Amino acid sequence: MRRSLDELDEGELVRRVARGDRRAFDELYRRTAPWLTVRLRRRCADQDVVAEVLQETYLAVWRSAGSQASAAAGGSALGWLWTIAAHRLVDAFRSRARRERVPAVRTFEAVAPAAEEQALAGRLDGDLERALLALPPELRQVLRAMVLDGLTVRETSVLLGMPEGTVKTRARRARIALREALS
């Protein structure tokens, strides 16, 4: 006689999930999701992160229940579930840290002309020199980084601490201003 899902322990539910039993998965989720949510919230106050970790945890359970089912004698299903959730939470923290990490680059306003400006002024004719010096400082700064230093848009963005779109816009504005000044 087939036992009701209510009578099964979590280990047996995991074994059934490993065989593709959707009802067993639903029962495992119904039993363990509230407990797991409380444990995750104790470690993370961000509800969105907790919801994302919970979703990724149960997705991993569905995909890898077979590995736990074969090793079920060696550990508890709840311990296995918590291990997955804890690893997913750490991954979420690391991912957030990578997204939020912006290298701290201090920029200084030049009091005296920079060496690049002096070298550039010595090699360029008077019209180009005057056109470059007539550029607003923020445009000249982007142009210097991209043209003289040979940096990419992304590298210039990090160096100057501004979004890549701003770097592109300022570089374009600087080129247009130079073209107009020299024509």
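Residues numbered from 1 in each chain as written. Predicted model: local features only at pLDDT ≥ 70, side-chain atom pairs only at ≥ 80, totals over all residues. Heavy atoms only, no water.

## Focus on the packing of aromatic side chains
1) Next: Scanning the model with the defined rule gives three aromatic pairs in all.
2) Next: Centre to centre, the rings of Phe 25 and Tyr 58 are 6.3 Å apart; their planes meet at 85°, and the pair counts as edge-to-face. Taken together, the residues Phe 25 in helix α2 (residues 22-43) and Tyr 58 in helix α3 (residues 47-70) connect sequence positions 33 residues apart. Across this residue pair, the class does not change: Phe 25 and Tyr 58 are buried.
3) Next: An angle of 70° between the planes, with centres 4.7 Å apart, marks the rings of Tyr 29 and Tyr 58 as edge-to-face. Linking Tyr 29 in helix α2 with Tyr 58 in helix α3, this pair joins segments that are 29 residues apart in sequence.
4) Next: Classification of Tyr 58 by relative accessible area gives buried; the value is 3%.
5) Next: An aromatic cluster of three or more residues is present, and its members are Phe 25, Tyr 29, Tyr 58 and Trp 62.
6) Next: Between Arg 39 and the ring centre of Trp 82, over which it is positioned, the NZ or CZ distance is 4.2 Å. (Phe/Tyr/Trp six-rings, centres within 6.5 Å; stacked < 30°, edge-to-face > 60°. Helix = DSSP H or I, 4+ residues; strand = E, 2+ residues; numbered from the N terminus. Buried < 20%, exposed > 50% of the residue type's maximum accessible area, 1.4 Å probe, protein only. Lys NZ or Arg CZ within 6 Å of the ring centre and 35° of its normal.)

## So, the environment of Asp 21
1) Next: Mapped onto the fold, Asp 21 is located in the loop between α1 (10-18) and α2.
2) Next: For Asp 21, a relative accessible area of 18% corresponds to the buried category.
3) Next: Linking Asp 21 and Trp 62, residues 41 residues apart in sequence, is a C-alpha distance of 9.7 Å.
4) Next: At 2.9 Å, the side chain of Asp 21 and the backbone nitrogen of Arg 23 are in polar contact. (Polar contact = N/O pair within 3.5 Å; in protein donor to acceptor, adjacent residues only side chain to side chain.)

## Overview of empty space enclosed by the protein
Any space left empty among the atoms is revealed by the rolling of a water-sized probe across them.
1) Next: Overall, the coordinates contain one cavity of 30 Å³ or more when judged by the stated rule.
2) Next: Here the largest cavity defines a volume of roughly 30 Å³.
3) Next: Considering the residues around the largest cavity, the lining is formed by Glu 10, Val 14, Leu 28, Thr 32, Val 61, Ala 77, Leu 78, Trp 80 and Leu 81.
4) Next: A total of four residues in the lining of the largest cavity trace back to one element, the largest contributor, which is helix α4 (residues 77-100).
5) Next: Split by residue class, the lining of the largest cavity holds seven nonpolar, one polar and one charged. (1 Å grid on protein atoms, 1.4 Å probe; cavity = no way out; pocket = protein on both sides within 12 Å on 5 of 7 lines; lining within 4 Å. Points joined across faces, edges and corners; volume = space filled by probe spheres on them. Nonpolar A, V, L, I, M, F, W, Y, C, P; charged D, E, K, R; others polar.)

By themselves, these figures tell us nothing about what the structure is for.
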